[in-house]
Amino acid sequence: QLYFTDIVKYAAPELYKTTNPAYYIKEGIRKLEHMQYYNGGMVYWEGGNNVNDWGSIYAAHFLLEAQKAGYNVNQKMLNDLFRYISGIVKEKKTYDYVFYINNGRTIEKKANSEIIYGLYVLALAGKEDLATMNYYKARPHLLSTDMKYMLAVSYSLAGKWNAGFDFLPKDFVPVETERLTGGSFDSSFRANAIILNMLLEIDPENKQIPYAIEYLSKNLKNMYSTQDLAFSLLALGKAIKSDDKDLKVEIICEGKVQKTFEGNTVELKIDEKVKDIRVKASGSGFAYYYYETEGFPLSNNVKEEDSMLRVRRTYYDYNTKQPILDNKFAQGQLVVCKISLSGTNKNIDNIVISDVIPAGFEIENPRLTTSTELDWKTKNPLNIQYIDIRDDRLFIFTSQ
């Protein structure tokens, strides 16, 4: 969201007039202050005691960027985070890194991504750990491709430009790796978004950049997680800020120039009958375009299916303990909602279930002493780590 204003002003100026992320950024900073553990790290959910290494570094990264953007950040909170991160980068832990080459699945031992990300954030804060950086620079086999880019930029941030450029991969080869729902939350999409981020930071005119942008644009359907979204928007925000203003692009439909781009966003609505659309660029720099089609489906049938998870909801009458199968409820009736969760493919960590309640219903908050006690026993109860109760929905955070 720190780069949201630049992106929206560039890509969707009609939204920029009514959308301001400043409130959400301030609230994000305030919320993080309540999530810091005594050791300086960040817990995964509010009120929890499970410190997450990648989340702690990600929080420090955000706070640094927010501070640079002019937001007030508690310096003690940052310093405690940096102290915690300094311990992470010295641990020299490894894990089984899964990647794919020519449709073949390969597993290699790699350094925990949190270590290299931590080194990058420390360098960003001017607190570089050169000894640890040199350790991994001498052992490139321990680094995944995206982490090689991140270590290269860490050297540049530390003022070691030659070391950074020497370590930077020379060609862009898309990273294809296994998606993780815990640990470092890795994915192919995020790994390539990180690469684009690093290239824009160390060398905005690098020839690899168009290929990285092309990869992300062609794989938007694989952008699932907050991490995917955050690092891709961060990269695009940097790309927009570094845009050259002497670039001129003509949009030509059926041989006629319809509009010309000269630094300010242009939008053109084209009838489906137009078959020949071209863009002609002159000058230096780069710009982005997207082409969107819209219409109505011929059929209104929506296929219901489970993807990786199977979630089911069943209502019961509190007094009779019998299931309500006809979806008929009486005013004032106390209803128990049972949510069942099962995996269909593999284990998944860090799950959030959003239970939107029907209109007219109200959630009984179990934290209040006036709430009705529920002594029902269930088989294999969920390992609930955090519950967020809203007016119209219930969020359940679990790792099971």
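Residues numbered from 1 in each chain as written. Predicted model: local features only at pLDDT ≥ 70, side-chain atom pairs only at ≥ 80, totals over all residues. Heavy atoms only, no water.

Draft legend 1. Broad picture of the overall build of the chain. In terms of helices and strands, the chain carries 12 helices and 10 strands. Its C-alpha atoms give the chain principal-axis dimensions of about 75 × 60 × 50 Å. Burial analysis of the chain (400 residues in total) assigns 37% to the buried set. For the chain, the share of sequence-separated contacts (at least 6 apart) that also reach a separation of at least 24 residues comes to 61%. Accessible area of the chain: about 24,700 Å², with a carbon and sulfur share of 49%. The distance from the centre of the 49 positive side-chain charges to the centre of the 51 negative ones in the chain is 3 Å. (Helix = DSSP H or I, 4+ residues; strand = E, 2+ residues; numbered from the N terminus. Buried < 20%, exposed > 50% of the residue type's maximum accessible area, 1.4 Å probe, protein only. Contact = heavy atoms within 4.5 Å. Areas by Shrake-Rupley, 256 points an atom, 1.4 Å probe, with all protein chains shown as cover. Lys, Arg positive; Asp, Glu negative; His and termini not counted. Charge placed at Lys NZ, Arg CZ, Asp CG, Glu CD.)

Draft legend 2. The arrangement of unusual backbone geometry in detail. Backbone geometry at Phe-185 places phi at a positive 60°, although glycine is not the residue there. Relative to the helices and strands, Phe-185 resides in the loop between α9 (161-167) and α10 (188-202). The class for Phe-185 is buried, based on a relative accessible area of 11%. If you check the backbone angles, Asn-350 has positive phi at about 55° while not being a glycine. With respect to the secondary-structure elements, Asn-350 resides in the loop between β7 (335-343) and β8 (351-356). Judged by relative accessible area, which is 23%, Asn-350 ranks as partly exposed.

Draft legend 3. The arrangement of the sheet that holds β8 in detail. Strand order in the open sheet formed by three strands is β8-β10-β9, and the pairing between neighbours is antiparallel. Of all strands in the sheet, those bounded by a partner on one side alone are β8 and β9 (384-389). With strand direction ignored, the average angle separating the axes of adjacent strands in the sheet is 15°. Of the pairings in the sheet, the one linking β9 to strand β10 (residues 393-398) comprises five bridges and is antiparallel in character. Paired with Asp-388 across the bridge in β10 is Phe-395. (Pairing = 2+ DSSP bridges. Axes fitted to C-alpha atoms, helices over the stretch in contact; angles between N-to-C directions.)

Draft legend 4. Highlighting the packing of helix α6 (residues 113-124) against helix α8 (residues 145-157). It is the contact of α6 with α8, at a shortest axis distance of 9 Å, that shows an interaxial angle of 25°. Between α6 and α8, the interaxial angle falls into the category roughly parallel. For the element pair α6 and α8, the recorded crossing hand is left-handed. Contact residues: α6 offers Ser-113, Ile-116, Tyr-117, Leu-119, Tyr-120, Ala-123 and Leu-124, while α8 offers Met-147, Met-150, Leu-151, Val-153, Ser-154 and Leu-157. (Parallel < 35°, antiparallel > 145°, perpendicular 65-115°, else oblique. Left-handed = near helix turned anticlockwise from the far one by under 90°.)

Draft legend 5. Structural context of the packing of α6 against helix α7 (residues 130-137). Following both chains from N to C, one finds α6 and α7 inclined at 135°, their axes separated by 11 Å at the closest point. The orientation of α6 relative to α7 falls into the category oblique. Where α6 crosses over α7, the two elements pack in a sense that is left-handed. Contacts from Ile-115, Ile-116 and Leu-119 in α6 reach Thr-132, Met-133 and Tyr-136 in α7. Looking at the contact of α6 with α7, its residues break down into five nonpolar, one polar and no charged. (Nonpolar A, V, L, I, M, F, W, Y, C, P; charged D, E, K, R; others polar.)

Draft legend 6. Looking closely at the pairing of strand β5 (residues 277-282). Of all six residues in β5, zero are buried, a share of ten percent or less. Two strands pair when backbone bridges link them, and strand β3 (residues 248-253) and β5 are joined in this way by six bridges, in the antiparallel orientation. Looking across to β5, one finds that Glu-250 is bridged to Lys-280.

Draft legend 7. Summary view of α10. In this model, α10 (15 residues) spans 21 Å end to end at C-alpha, consistent with the 21 Å of a helix rising 1.5 Å per residue. Of all the 15 residues making up α10, 14 are buried; the element is thus mostly covered by neighbouring parts of the structure. (Expected span 1.5 Å × (residues − 1).)

Draft legend 8. Highlighting a nonpolar patch on the surface. Residues Leu-229, Leu-233 and Leu-236 make up a contiguous nonpolar surface patch of roughly 210 Å² in combined accessible area. Considering the arrangement of structural elements, one finds Leu-236 in helix α12 (residues 226-241). Residue classification places Leu-236 among the partly exposed residues on the basis of a relative accessible area of 31%. (Patch = residues over 30% accessible without salt bridge, like charges linked within 9 Å, V, L, I, M, F, W, Y side chains within 5 Å. Salt bridge = Lys/Arg side-chain N within 4 Å of Asp/Glu carboxyl O.)

Draft legend 9. Highlighting the nonpolar core. Residues Ile-116, Val-121, Tyr-136 and Leu-151 are the most contacted members of the largest nonpolar core, which totals 71 residues. At 10 residues, α10 tops the list of elements feeding residues into this core. Residues within four places of Val-121 in sequence aside, it is in contact with Ile-57, Ala-60, His-61, Leu-64, Phe-82 and Ile-85. Counting residues in hydrophobic clusters, the runner-up holds seven residues, among them Ile-339, Leu-341, Ile-351 and Leu-394. (Core = buried A, V, L, I, M, F, W, Y, C linked by side-chain atoms within 4.5 Å.)

Draft legend 10. Expanded view of the pattern of salt bridges. Using the criterion set out here, one finds 18 salt bridges in the structure. The partner of Asp-186 in a salt bridge is Arg-190, with the nearest N and O atoms 3.7 Å apart. Residue classification places Asp-186 among the buried residues on the basis of a relative accessible area of 2%. By relative accessible area, which is 0% here, Arg-190 ends up buried. Between Lys-303 and Glu-305 there is a salt bridge, and its shortest N-O distance comes to 3.9 Å. Taken as a pair, Lys-303 and Glu-305 share a single burial class, namely exposed.

Draft legend 11. Fine view of the sheet that holds β5. Across the sheet, three strands lie side by side as β4-β3-β5; this open sheet has antiparallel pairing. The open sheet has two edge strands with one neighbour each: β4 (256-261) and β5. Looking at each pair of strands side by side, their axes are set apart by 25° on average, direction ignored. In this sheet, β4 lies alongside β3 in antiparallel orientation, the contact comprising five bridges.

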